[in-house]
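Each chain, written out:
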Amino acid sequence: MTSPDHMPASRLQLAPGPWLTLLDGLCARFPQIAREVWLDRFARGRVQDAGGGVLGVDAPYRVGMEVRYFREVPDEPAIPFEAHIVFADADLVVADKPHFLPVMPAGRFVAETLLARLQAQLDNPELVPLHRIDRETAGLVLFSARPDTRTLYQTLFRQRGIEKQYEAVAPPLPGLSMPHVRRSQLRAGEPFFRMCEAEGAPNSHTHIDVIERRSHVWRYALQPITGRKHQLRVHMAALGAPIVNDSLYPVLRAPAPEDFSRPLQLLAKSLRFVDPIDGTLREFESGLTLSID
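Residues numbered from 1 in each chain as written. Predicted model: local features only at pLDDT ≥ 70, side-chain atom pairs only at ≥ 80, totals over all residues. Heavy atoms only, no water.

Student: I'm lost on the overall build of the chain in this one. Help?
Tutor: Assigned secondary structure in the chain consists of five helices and 14 strands. A principal-axis box enclosing the C-alpha atoms of the chain has dimensions of 70 × 50 × 40 Å. Look at the contacts in the chain between residues 6 or more apart in sequence, and 61% of them connect residues 24 or more apart. Accessible surface computed for the chain: about 14700 Å², of which carbon and sulfur atoms make up 52%. The chain carries 34 positive and 35 negative side-chain charges, and their two centres are separated by 5 Å. (Helix = DSSP H or I, 4+ residues; strand = E, 2+ residues; numbered from the N terminus. Contact = heavy atoms within 4.5 Å. Areas by Shrake-Rupley, 256 points an atom, 1.4 Å probe, with all protein chains shown as cover. Lys, Arg positive; Asp, Glu negative; His and termini not counted. Charge placed at Lys NZ, Arg CZ, Asp CG, Glu CD.)

This is how it looks when you write it as structure tokens:
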């Protein structure tokens, strides 16, 4: 579901609570959003039921009801880079995402996301990402274009039926025999948005090889066998070769104004899988490149 300005809707299923009106319930659920903001959203038809029907400000609070609302971020930062569609049919869309563009709405980004842009470009509110890559990472992202076949593609990811290849630029590792396999236990770290390696049975697995060697940096081929959050970034940093321009690993840098001249040198380069609908071998490659100079 999208609004008239093509913004994707957020969904909320109403939990048990004492509120008589939906307005009161939303104000309690999102205390950081002023009541006046919710009143304005109701007035502009930006609070809806599951079918897209506009809800009034006096709508009753009904436990279990699905509500769709449209987030708005004042002074949302503009991302001055465009995504490109690599492939599109009735069931699947493959996009080549630039650095800095989020895949999904979150935090200070709603309109400036890959999902919102593609929904508007393709006029398809049913688009849903089948996986995600970090905002800082560039490269290929797969989207399901219609609900009827979505589960087939989601199953591919659950069963590790999609071969993903990444490239990264990072310092040399001359003392490490290549190709190398990194396995470790990844857990949430501090702050909450960082990951860390910890004692315990490995739950992350990455194949690492070298594509190109320069004196100061190497270009690496990374194949994540598992898909843990920040897996490639953590594994490279743990080996002593943090990816160039990584602001999170191995140490967290102080927040700074967006610097579009220093993109994280990590690229989701290719995807390969057997299409579950017709058995066709699908192979896609990003047209983007990393800077190794």
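Past the structure itself, the notes keep going.
Student: Just checking my understanding: could you explain the sheet that holds strand β1 (residues 10-13) for this structure?
Tutor: Strands sit in the order β1-β3-β2 across an open sheet of three strands; the sheet is antiparallel. Every other strand in the sheet has two partners, leaving β1 and β2 (47-49) as the edge strands with one partner each. The mean inter-strand angle of the sheet, taken between neighbouring strand axes irrespective of direction, is 30°. In terms of strand pairing, β2 meets strand β3 (residues 66-69) through three bridges, oriented antiparallel. Within the sheet, the bridge partner assigned to Val47 lies in β3 and is Tyr69. (Pairing = 2+ DSSP bridges. Axes fitted to C-alpha atoms, helices over the stretch in contact; angles between N-to-C directions.)

Student: I'm lost on the packing of aromatic side chains in this one. Help?
Tutor: The description of an aromatic ring pair rests on the distance of the ring centres and on the angle between the ring planes. For the structure shown, the criterion picks out 11 aromatic pairs. On the basis of an interplanar angle of 85° and a centroid distance of 5.4 Å, the ring pair of Phe81 and Phe260 is categorised as edge-to-face. One end of the pair, Phe81, is in the loop between β3 and β4 (84-88); the other, Phe260, is in the loop between α5 (231-238) and β13 (266-274), with 179 residues separating them in the sequence. What makes Phe81 partly exposed here is its relative accessible area of 29%. Here Phe260 falls in the partly exposed class, since its relative accessible area comes to 30%. Ring centres 5.9 Å apart and planes at 45° place the aromatic pair Trp218 and Tyr220 in the tilted group. Considered together, Trp218 and Tyr220 belong to a single accessibility category, that of buried residues. An aromatic cluster of at least three residues, connected via ring pairs, comprises Phe30, Trp38 and Tyr69. Over the aromatic face of Phe30 sits the side chain of Arg29, whose NZ or CZ is 4.6 Å from the ring centroid. (Phe/Tyr/Trp six-rings, centres within 6.5 Å; stacked < 30°, edge-to-face > 60°. Buried < 20%, exposed > 50% of the residue type's maximum accessible area, 1.4 Å probe, protein only. Lys NZ or Arg CZ within 6 Å of the ring centre and 35° of its normal.)

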